[in-house]
Every structure is written in C-alpha cells, then in structure tokens.
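Summary of structural features
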Amino acid sequence: QENEIKLLTAEIEHLKNFGCLGVSPSLEGLRDENAKLKYRLNFLRKSLQEEKSKTAKSMININSCLQEIFGAAIQAAYPDLENPPLVVTPSQQPKFGDYQCNSAMGITQILLKTKEQKVSPREIAEKISKNIPANECIEKVEIAGPGFINVHLRKDFVSKQLSSLLMNGVQPPAVGKRKKVVVDFSSPNIAKEMHVGHLRSTIIGESMCRLFEFAGYDVLRLNHLGDWGTQFGMLIAHLQDKFPDYLTVSPPIGDLQAFYKESKRRFDTEEEFKKRAYQCVVLLQSKNPDFIKAWELICDVSRKEFQKIYNCLDITLIERGESFYHEMMKDIVKEFEDKGFVQVDDGRKIVFVPGFPVPLTIMKSDGGYTYDTSDLAALKHRVCEEKADILIYVVDSGQSVHLQTVFAAGQMIGWYDPKVTRVAHAAFGVVLGEDKKKFKTRSGDTVRLMDLLEEGLKRAMEKLKDKERDKVLTAEELKAAQTSVAFGCIKYADLSHNRLNDYVFSFDKMLDDRGNTAAYLLYAFTRIRAIARLANIDEQMLRKAAREEVLILDHEKEWKLGKCILRFPEILQKILEDLLLHTLCDYLYELATTFTEFYDNCYCVEKDRQSGE
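Residues numbered from 1 in each chain as written. Predicted model: local features only at pLDDT ≥ 70, side-chain atom pairs only at ≥ 80, totals over all residues. Heavy atoms only, no water.

Topic: the overall build of the protein chain
For clarity, the cut-off: Secondary structure follows DSSP: runs of H or I at least 4 residues long count as helices, runs of E at least 2 residues long count as strands, and numbering of each begins at the N terminus. Under the scheme applied here, a residue whose accessible area is under 20% of the maximum for its type counts as buried, over 50% as exposed, and between as partly exposed, the area being computed with a 1.4 Å probe on protein chains only. Contacts are residue-level and defined by heavy atoms, with any inter-residue pair within 4.5 Å sufficient. Residue exposure ignores everything except the shown protein chains as possible cover, and the areas themselves are Shrake-Rupley values with a 1.4 Å probe. We score Asp and Glu as negative and Lys and Arg as positive, and we do not count His or the chain ends. Every charge is mapped onto a representative atom, which is NZ of Lys, CZ of Arg, CG of Asp or CD of Glu.
Counting secondary structure elements, the protein chain contains 22 helices and 14 strands. The proportion of buried residues among the 613 residues of the protein chain is 44%. Residue pairs in contact within the protein chain that sit at least 24 positions apart in sequence constitute 71% of those at least 6 positions apart. Element-wise, carbon and sulfur atoms account for 52% of the exposed surface of the protein chain, whose accessible area totals about 33500 Å². Counting 86 positive and 90 negative side-chain charges, the protein chain places the averaged centre of each group 1 Å from the other.

So, in structure tokens, the structure goes:
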C-alpha cells in the first residue's frame, strides 16, 4: 500500500505537468483521471491508517519478534548461509530465562556439511549473541550447555504489553490481506441419524471456524450433506409403498433410521423392489416433480433432527450437500476427458492420479456419478467460484487417501496451485469406549448423538446437585449451568486431545473438576470473575489505571503470569498453521494453573477487618 501511495502521488504530479503544458487533448478527461487517482489515494491512505491503528492495538507475538531479532543476528554473523535454521522456543524452566534460541547446533551441522568447517555450537552461539541488534524486548542473553542461547525479557517491555492489552482488549495479531477460508465439516447423511462419529467433525470444525474468524479471516462454513445418490431411490420406492398419499399428507417417518434399514433390507432381498429403486433414482435425477417432492420430504425430516443437535452444541453451518453439485458433474467429466485424463475400464470412466494406486471413478458404467465426481465438483467450486485461499476438510482419518487423491487431481487439472491455495485435510481419529474399543451401545449399535447429549445433561445435573448448586442458584441459572457444563465438557474433552489420535470417551473424566477439563477451567474462570466482583472495579477503572500507572511485576508469580498471558498470539499462530486445537487447550490449562499459583501467593482482594469492606 505504501508503494502504491508513492506511485499514485507521482502520477498526480505527472498529470499536473501535462495540464500546465496544455498537451492534453481533453482537459476534461485529465480532470476525471486526476479525481479518480486522488480518490484512490485517499482510500489507500485511510485504509493504511486503519491497518496501522489495528496493528498498534494488536497483541505482539513475542516469539515472532525474537525470531526476527535472531534471524538478523544470524544473518550478520553468517552472511553466506542460505536459510539457516531459526529455532526460538519458550524456556521450560525459569532458571534458563524466558525463551531459548537453539539454532547454533543446526548451524554447526550446516558448516560441517557445506563448508567442511568444524565449529563448536557454543562458539556459534557466542558469535550470534554478539550480533544481536538493538531491540526493546531483550534484557540479556546467556549461553548455556552446548550452545543454547537463553533469553531474558525486559520487565518494562512485558509490563508495557500487558498495559496495552488491558487498554485495547484481546486483539489478535493482524493477518494482512483478509483471506477467505472454506471449512467443510459435520456432513452427516440424510435419512440416517447423527451418531457419535459425527461428534468430532462437528466440534473440531466449528472450533476451527471460530478461531479463523477471531483471527480476522472471512470464513465460509459448509455442511456437505449426503443428500443425493442411489440410496434415495430405495427410500422413495419404500415411501411410495408404505405411504402412498405422501404427496398430500406428511408421513410419520420420524424414525428415519428404522425407515432406512427397512428399505435397505428390501433392496438387498427383493429383486423387483431393487429394479424399482433404480428407476426411482433415474426419475429423481431427471427432476420429476413427484420424486423431488418425496426427496425434499425425506431431507426435511433429517434436517430438523440435525438442527436439534446443532442448537445444543451452538453450531453454525450453511447446507451445501452433494445435490448442490449435481448439475456441475457432467462438466467435470467433460473437463477431464478434454484434457486426456480419462480411461475407460469395463464401461467405467476412471482417472489415474500420479502417485496414487487407486484411480478415481468419475462415471459408473450405468452413466451415474460417484462420490469421487461430487467431491471433485465441490473442490472446483470452492477453489474457482468461492475463491478460497484456504480450504479445510474436517473429515476422519479413514478418508485420507481418498481426499489426497481428489486434491492431487485438482492440482493435476490446474484448478489450484498449492503454493498459492492451501488445501488441507484436518483428519481425526475415532471415538473409543472406556474398554478402548469403538464406542458402541450395549447391544452393539452405534451411539446416537442425541442420546449422548441427553446423558451428558443428566450427568451434569447430578454433579451440580452433588455440589449443592441447586440450593444457591435459581431454576433458570441451574439450567444454564447444566447446559454449559454438559456441552462444554463434551466439546472440551474432544478438543483437548490431539485430533490425530483416537480418544476415549468418559463422562467421569470430562466432568472431573481436577486436571485439564472444562469443569476445571469453568471453576478457574468463575473464581476470576468473583475477584473482579468483590474488588468492585470495572473495566473503565482498569483501563484508566493501565493508561496512567506502570505495571510493576516484582513477584515471581506475577512475572510468570504476565509472560504466560502474552504467549497467546504465538499459540494462535501455531494453531492457524498446524490446525491442532489441543495446543490451545494445553495453553488455557497452563494459564489457569499459573493464575491459581499467582492467586495463592499474591492477594488481589482483602477484607478490611474493621469495616468488613
């Protein structure tokens, strides 16, 4: 933007000279051009000011600042090294300072390999330390062990950042150009109930969306419903047999699961029914009004059931199922054919993608489309029409090879360049029961998600009554506490585990108020709010104090808490890169325990013994 402002200013000067010389064939045209340039210039200046003001209010990522400082020091110490390793991490123990730069060991290896120079890491660490540029955040550095550079932060720097945070609120670091993120998550199948397997995608996907929105991205949340395909033929054929007047009276297919199982049983055992089901698919795909009506009926019943769960868990989604991409599929097949990627195998049209052994089937021998076709159509629409800069699929690990093949096909045909557009599969493991086997009911069925949420509510209420909360809260407050605890604990138990691993679902563990659980965090948060209420100090008073007073961090627990608070931007940055949300949970747990240590050692509020104030 600054460069464009310089160019525009020069352009306006250039136009002025033209006008003075009288060379312009149309003075009117010049004035228009001048006005347009000035308008653009003002817009840019204003936008730059806003950006700078936002950046000034944003929290500073201390780790990034230190990386810049050490990057400059390494560059000055070893100007010939290309891409030297830059490793800065928070220190694990206070005696080793606040952060550590561990680049010296890596540089030793590079010098040995590329220049055949044998230099000790300690010597390299000393050379880097001598070249650290002037900065506002480092108090001193010390070299420890084989070549670790221990960094001690300046207290006035930390104090200033905390005061700024208090005045401006928690503003995430500025992200530059506002990028568009498309997140595909939840995605249940129509006519089937949501089960425990949908829980992880729904919770992880929603949390990722909130995170990107908080960081200033433009987020589109998509629910890729399974709402098209062969199964609808058998469902409609079964609907016609059981409820012949379905067009005028809404049939009681509330128990969709039973309805689906019955139609599937008939499809597998009755040849006549199977034929009719296939005919129904053809009529549905050719948009026959009666068949579209039947399809919409089945979709509506499902949609209402899904929405109950989304309301409980506070999930926001835009529905864009497979049917949305149906009209695009023939063009997808044609595009792959035109570019010579299609092979015919036993009547099927298949596409081999280099590096993947199993081909994509983009058209079946009967002319029907497959999941591969709809996933390719969805990928193209999201990248080419929605103009996504980042595209995230929150889908279980079992789909990994399929999705990687689809992504590679999209690159092969030229829809996107992975250097420009980030397409990622945020995979996750399965939910296990306490016996470490796949989570099932006693009868061996998949656990219905609604049953699970209702059980959570029941357990949360029992826990609240054990703590005698029902004696101090109104009925309304108790209900709010029940839903907060139940759904908060279910979400947090999922998010606090590394999503790549399977995780054991246990109500007892998630409702425990000890350890890294939502119950403990809610307790810590309540305690903080209670201090604020007792102290009777509002945010305006705090902000005024932050503007006028210097925050003195004398006590070691105060210093520890201050630094912990300021690590938030680097945690945020890490998650936006690797999409592993448990890092945020670990950080929040550390923040809560650090606060508890601080609270136990430094009094925030005390009662006056005389007045009781």
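Thoughts on the nonpolar core
Counted only if it meets this: Here the nonpolar core consists of buried residues drawn from Ala, Val, Leu, Ile, Met, Phe, Trp, Tyr and Cys, with membership extended through side-chain atoms lying within 4.5 Å.
Counting 125 residues, the largest nonpolar core has Leu66, Leu199, Ile392 and Phe505 as the members making the most contacts within it. With 12 residues, helix 11 (residues 289-313) is the largest single contributor of residues to this core. In terms of nonpolar packing, the next biggest core, distinct from the first, is built from 30 residues, Leu220, Tyr325, Ile332 and Val383 among them.

Considerations on the domain arrangement of the protein chain
Stated formally: All domain edges in this entry derive from an automatic or database-based domain assignment. A simple way to read buried area is as the amount of 1.4 Å-probe accessible surface that goes missing from two parts once joined, with both sides added. Any carboxyl oxygen of Asp or Glu that lies within 4 Å of a side-chain nitrogen of Lys or Arg is treated as forming a salt bridge with it.
Here the protein chain is described as being made up of domain 1 (1-15 + 27-53), domain 2 (62-153), domain 3 (194-226 + 321-432), domain 4 (230-315) and domain 5 (451-601). On a C-alpha basis, the centres of domain 2 and domain 5 stand 35 Å from each other. Taken residue by residue, the interface counts 6 residues in domain 2 and 5 residues in domain 5. Carbon and sulfur atoms make up 54% of the surface buried where domain 2 meets domain 5, a total of about 480 Å² over both sides. It is Ile62, Asp98 and Leu153 that lose the most area in domain 2 upon contact with domain 5, and together they represent 59% of the buried surface on that side. The tally of links from domain 2 across to domain 5 stands at 1 salt bridge.

Observations concerning unusual backbone geometry
A positive phi angle, close to 60°, is found at Asn536, a residue other than glycine. Its location among the elements puts Asn536 in the loop between helix 18 (518-535) and helix 19 (539-548). Notably, Leu579 is not glycine yet its phi reads approximately 60°, a positive angle. With respect to the element layout, Leu579 can be found in the loop between helix 21 (568-578) and helix 22 (582-601). Among the residues examined, Leu579 registers a relative accessible area of 4% and is labelled buried.

Regarding the environment of Ile110
Structurally, Ile110 can be placed in helix 4 (residues 104-115). Each C-alpha atom of the pair Ile110 and Pro84 lies 8.1 Å from the other, and the pair is 26 residues apart in sequence. If we skip the residues at most four places from it in the chain, Ile110 touches Leu81, Pro85 and Lys115.

Re the packing of aromatic side chains
Put simply, the rule is: Only Phe, Tyr and Trp rings are paired, with Trp represented by its six-membered ring, and only when their centres lie within 6.5 Å; those with planes under 30 degrees apart are stacked, over 60 edge-to-face, the remainder tilted. By definition here, charges over rings are those cases where NZ of Lys or CZ of Arg is within 6 Å of the ring centre and within 35 degrees of the ring normal.
Scanning all chains against the criterion turns up 15 aromatic pairs. Considering the side-chain rings of Phe267 and Tyr278, the 5.8 Å spacing of their centres and the 65° angle between planes classify their relative orientation as edge-to-face. Here Tyr278 lies in helix 10 (residues 271-285) and Phe267 lies in helix 9 (residues 256-269), a separation of 11 residues in the sequence. Centroid distance Phe595 to Phe598: 5.9 Å. Interplanar angle 55°. Geometry classified as tilted. One end of the pair is Phe595 and the other is Phe598, both in helix 22 and 3 residues apart, which spans about a single turn. On the accessibility criterion, Phe595 (12% relative accessible area) is buried. Taking relative accessible area as the criterion, Phe598 reaches 13% and is therefore assigned buried. Through a chain of ring-to-ring contacts, three or more aromatic side chains come together here, namely Phe214, Phe568 and Tyr587. Between Lys127 and the ring centre of Tyr78, over which it is positioned, the NZ or CZ distance is 4.6 Å. For Lys155, the ring lying beneath its charged end belongs to Trp559, and the centroid distance is 5.3 Å.

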